Amino acid sequence: MTLIPTLSTDFLTPLYRFILLHHRQTLTHTVPCQTQDYDLIARYRLMFKPHSNTIKAIRSRLLDWYDQNARSLPWRPASPTSAPIPPYYTLVSEAMLQQTQVATVIPYFHRFLETFPTLETLANADEQQVLTLWQGLGYYRRARNLHACAKTIITEHNGIIPSDIDSLLALPGIGQYTAGAIASIAFNQPAPILDGNVIRILSRIFFITDPTDHTPVKKQLWLLADQLVPAPVSTDFRPGDYNQSMMELGALICSPRNPKCDTCPIQKLCKAYADGSPESLPVTLPKSKPRPVNHHILAITHPSQPNTYLLEQRPPTGLWSNMYQLPTLELNHSKDIATDQLAAYAQKHLKIKPQAITPLKTFKHQTTHLTITFHLHAITPAFIPSQLKPKTQWRSLDKLADLPFSNPQLKAIKAMN
Ligand code: SF4
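The shown structure was predicted, so the numbers you read here are calculated from the model rather than taken from an experiment.

**Student:** How should the pairing of strand β6 (residues 370-383) be read in this particular structure?
**Tutor:** When a strand is regular, its side chains alternate between the sheet's two faces. Alignment of strand β1 (residues 291-300) against β6, held across 10 bridges, turns out to be parallel. Considered in β6, the bridge of Ala299 is made with Ala378. When strand β5 (residues 353-366) meets β6, the two strands line up antiparallel, connected through 12 bridges. Residue pairing for β6: Thr362 is matched across the bridge by His375. Linking β5 to β6, which pair antiparallel, is a turn of 3 residues.

And the structure:
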């Protein structure tokens with residue numbers, strides 16, 4: 001299916017205009033479109049609207065498969081007859097599952113719920129405690145947003161998580177996907193979801209060969225997802241289970257590489273399978289390469305207290321904001337730096353005069369936009385200042401449990417221990 005426009009907008013007849021208006025009324029809450037895009041989207045939707053039998057078959061096959069194959073997960077009811085899971089569990093699990101594998105999330109989810117069993121306990125928590133519990137899971141903005149979200153729900157919604165898409169979207173850090181997931185899973189609302197798994201499955205079923213991260217194509221995918229999610233009038237009105245079946249199929253069967261098409265419940269409906277080319281989809285726009293930069297970590301030992309190092313707190317904005325670290329010089333380029341420049345940095349910014357600087361270890365860390373090479377140096381100070389700079393402190397490496405650190409900083413600390 002090609003979604004990039006090649007036809008004139010004259011294609012829209014009065015009948016199509018009528019349906020377009022209907023779309024506007026029904027989809028403004030679910031599809032983040034600019035008004036001028038609706039003509040384009042409606043045209044594609046009309047051209048490529050799946051047949052109602054196809055929609056029914058996809059839904060019923062996925063739901064049957066999900067009933068048999070859904071993994072038992074702590075944020076799902078143990079069985080269809082079990083008590084429903086609190087919406088708070090859905091809120092926490094959806095925040096944790098963004099860009100993170102289920103197996104990684106499970107122990108974090110348990111620890112988080114043990115410490116913050118209710119929305120109120122989370123809202124009343126200190127941010128450092130939330131970040132410390134999140135430590136190792138990465139993408140710390142999610143933790144801050146979840147914390148802010150809990151506070152907002154307490155103050156603006158009397159502590160009750162809203163069930164409608166508009167109110168969910170107004171909460172900190174809740175985007176279209178998370179709003180759809182919470183509305184459908186926790187409140188049985190017919191709201192679509194679209195993440196990497198769903199995009200992969202839809203692009204393969206409908207053989208969408210345009211780049212799925214191209215905005216008009218993405219909007220079309222939202223519309224496809226919206227058509228497929230069970231509507232209240234349908235016999236299989238289980239929007240939460242249907243959305244989870246898509247997530248589950250993407251995780252267990254329709255994987256990016258080596259999809260298990262032989263065991264796929266919707267194989268007979270899949271155009272990419274029929275074409276023999278599932279792995280070629282989805283197509284994405286060419287991405288710019290991550291920029292290489294160098295960060296120098298200074299492990300400065302206290303001259304008289306064993307295993308004690310200088311720590312600093314990061315600024316309140318930007319990468320790993322407010323988290324703790326061994327003092328780190330972040331260079332915005334990939335050029336090397338001389339030892340005397342490190343010494344000058346320590347003296348100017350930390351008031352520490354190094355006696356010796358010993359290179360210990362180099363390792364890489366990948367973020368979305370950066371390839372960071374970390375260089376760990378051991379520094380023995382010639383003397384230490386009587387008064388430390390604000391936001392710095394001496395700490396024994398045995399007593400760090402209450403402070404949040406990023407993964408590369410934990411790696412450096414482990415190397416020092
Ligand atoms: S048949 Fe294969 S490619 Fe198609 S949806 Fe199933 S697993 Fe994915």
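We are not done yet, so read on.
**Student:** What should I look at first to understand the site of the ligand in this one?
**Tutor:** Neighbouring the ligand are 14 residues; Cys254, Cys261, Cys264, Cys270 and Pro278 lie closest to it. Mapped onto the shell around the ligand, the elements with two or more residues apiece are α11 (196-205) and α14 (271-275). Residue contributions to the shell around the ligand peak at 3 residues, all from α11. Along the lines of polarity and charge, the residues of the shell around the ligand split into 12 nonpolar, 1 polar and 1 charged.

**Student:** When you look at the sheet that holds strand β2 (residues 308-313) in this model, what are you seeing that I'm missing?
**Tutor:** Backbone hydrogen bonds hold the strands of a sheet together, and the pairing may be parallel or antiparallel. Reading across from one edge, β3-β2-β7 is the order of the 3 strands in this open sheet, with antiparallel pairing throughout. Whereas interior strands pair on both sides, the edge strands pair on one side only; in this sheet they are β3 (324-325) and β7 (392-396). The pairing of β2 with β7 spans 5 bridges and is classified as antiparallel. The residue bridging Glu312 from the neighbouring strand is Thr392, located in β7.

**Student:** Would you mind showing me how to read the environment of His147 here?
**Tutor:** Checked against the element boundaries, His147 lands in helix α8 (residues 141-156). In the structure, His147 is positioned 16 residues away from Leu131 in sequence and 9.5 Å away in space, judged by C-alpha atoms.

**Student:** Before we go on, may I ask you to explain the confidence of the model for the protein chain in this structure?
**Tutor:** One rule of thumb: low pLDDT means the predicted coordinates there are not for detailed reading. Model confidence for the protein chain is summarised by a mean pLDDT of 88, while 88% of its residues fall at 70 or above. Throughout residues 3-36 the model reports pLDDT below 50, and contacts reaching past four residues in sequence, or to other chains, amount to 42 contacts.

**Student:** Would you mind going over the sheet that holds strand β4 (residues 328-331) with me for this structure?
**Tutor:** With mixed pairing, the 4 strands of this open sheet are ordered in space as β4-β1-β6-β5. Here the strands that pair on one side only, and so sit at the sheet edges, are β4 and β5. Averaged over all adjacent pairs, the angle separating strand axes in this sheet is 20 degrees, with direction ignored.

**Student:** What am I meant to see in the nonpolar core here?
**Tutor:** Taken as a class, soluble globular proteins show a tendency for nonpolar side chains to be buried jointly. Val92, Ile182, Val198, Leu202, Leu221 and Ala225 are the most contacted members of the largest nonpolar core, which has 65 residues in total. The dominant element in this core, judged by the number of residues it contributes, is helix α12 (residues 215-228), at 7 residues. Excluding residues within four positions of it along the chain, Val198 makes contact with Ile193, Ala225, Met246 and Gly250.

**Student:** Could you clarify how one ought to interpret helix α5 (residues 102-115) in this entry?
**Tutor:** Spacing of three or four residues puts side chains on the same side of an α-helix, whose turn is 3.6 residues. Its 14 residues place the ends of α5 20 Å apart at the C-alpha level, agreeing with the 20 Å of an ideal helix rising 1.5 Å per residue. Buried residues of α5: Val105, Phe109 and Phe112, and no others. Those residues of α5 that are buried are in contact with α4 (87-97) and α7 (127-134).

**Student:** Please clarify how unusual backbone geometry should be interpreted in this entry.
**Tutor:** Residues other than glycine predominantly adopt negative phi, and peptide bonds predominantly adopt the trans conformation. A cis geometry characterises the amide bond from Leu281 onward to Pro282, with omega recorded as 0 degrees. Take Pro282: it is sitting in the loop between α14 and β1. Of note in the backbone geometry, Asn158 takes a positive phi value of approximately 55 degrees without being a glycine. Relative to the assigned elements, Asn158 resides in the loop between α8 and α9 (165-169). For Lys391, which is not glycine, the phi dihedral falls at a positive 65 degrees.

**Student:** How do you make sense of helix α13 (residues 239-252) when you look at a structure like this?
**Tutor:** Along its 14 residues, α13 runs 20 Å from first to last C-alpha, staying within 8% of the 20 Å computed at 1.5 Å per residue. Among the residues of α13, Pro239, Gly240, Asp241, Tyr242, Asn243, Gln244, Ser245, Met246, Met247, Glu248 and Leu249 are the ones counted as buried. Lining the buried residues of α13 we find α3 (52-69), α10 (176-187) and α11.

**Student:** Would you take a moment to explain the pairing of β2 for this structure?
**Tutor:** Where β2 and β3 come together, 2 bridges link them in antiparallel fashion. Residue pairing across strands places Glu312 opposite Gln325, the latter belonging to β3.

**Student:** When you look at the packing of α11 against α12 in this model, what are you seeing that I'm missing?
**Tutor:** Packed helix pairs are characterised by how far apart their axes lie and by the angle those axes make with each other. For the pair α11 and α12, interaxial distance at closest approach is 11 Å and the crossing angle is 85 degrees. In terms of their interaxial angle, α11 and α12 are classed as roughly perpendicular. Of the residues in α12, those in contact with Val198, Ile199 and Leu202 of α11 are Leu221, Leu224 and Ala225. Looking at side-chain class alone, the contact of α11 with α12 contains 6 nonpolar, no polar and no charged residues.

**Student:** How should I be thinking about the packing of α7 against α8 in this particular structure?
**Tutor:** For the pair α7 and α8, the least separation of the axes is 9 Å and the interaxial angle reads 135 degrees. Taken together, the axes of α7 and α8 lie oblique to each other. Like other packed secondary-structure pairs, α7 and α8 cross with a definite hand, here right-handed. Residues Glu127, Val130, Leu131 and Trp134 of α7 form the contact with α8, whose participating residues are Ala143, Arg144 and His147. Along the lines of polarity and charge, the residues of the contact of α7 with α8 split into 4 nonpolar, 1 polar and 2 charged.

Cut-offs and rules
Residues numbered from 1 in each chain as written. Predicted model: local features only at pLDDT ≥ 70, side-chain atom pairs only at ≥ 80, totals over all residues. Pairing = 2+ DSSP bridges. Helix = DSSP H or I, 4+ residues; strand = E, 2+ residues; numbered from the N terminus. Near = placed C-beta within 6 Å. Nonpolar A, V, L, I, M, F, W, Y, C, P; charged D, E, K, R; others polar. pLDDT = per-residue confidence, 0-100. Contact = placed C-beta atoms within 7 Å. Axes fitted to C-alpha atoms, helices over the stretch in contact; angles between N-to-C directions. Core = buried A, V, L, I, M, F, W, Y, C linked by C-beta atoms within 7 Å. Buried ≥ 20, exposed ≤ 12 C-beta atoms within 10 Å, placed from the backbone. Expected span 1.5 Å × (residues − 1). Parallel < 35°, antiparallel > 145°, perpendicular 65-115°, else oblique. Left-handed = near helix turned anticlockwise from the far one by under 90°.

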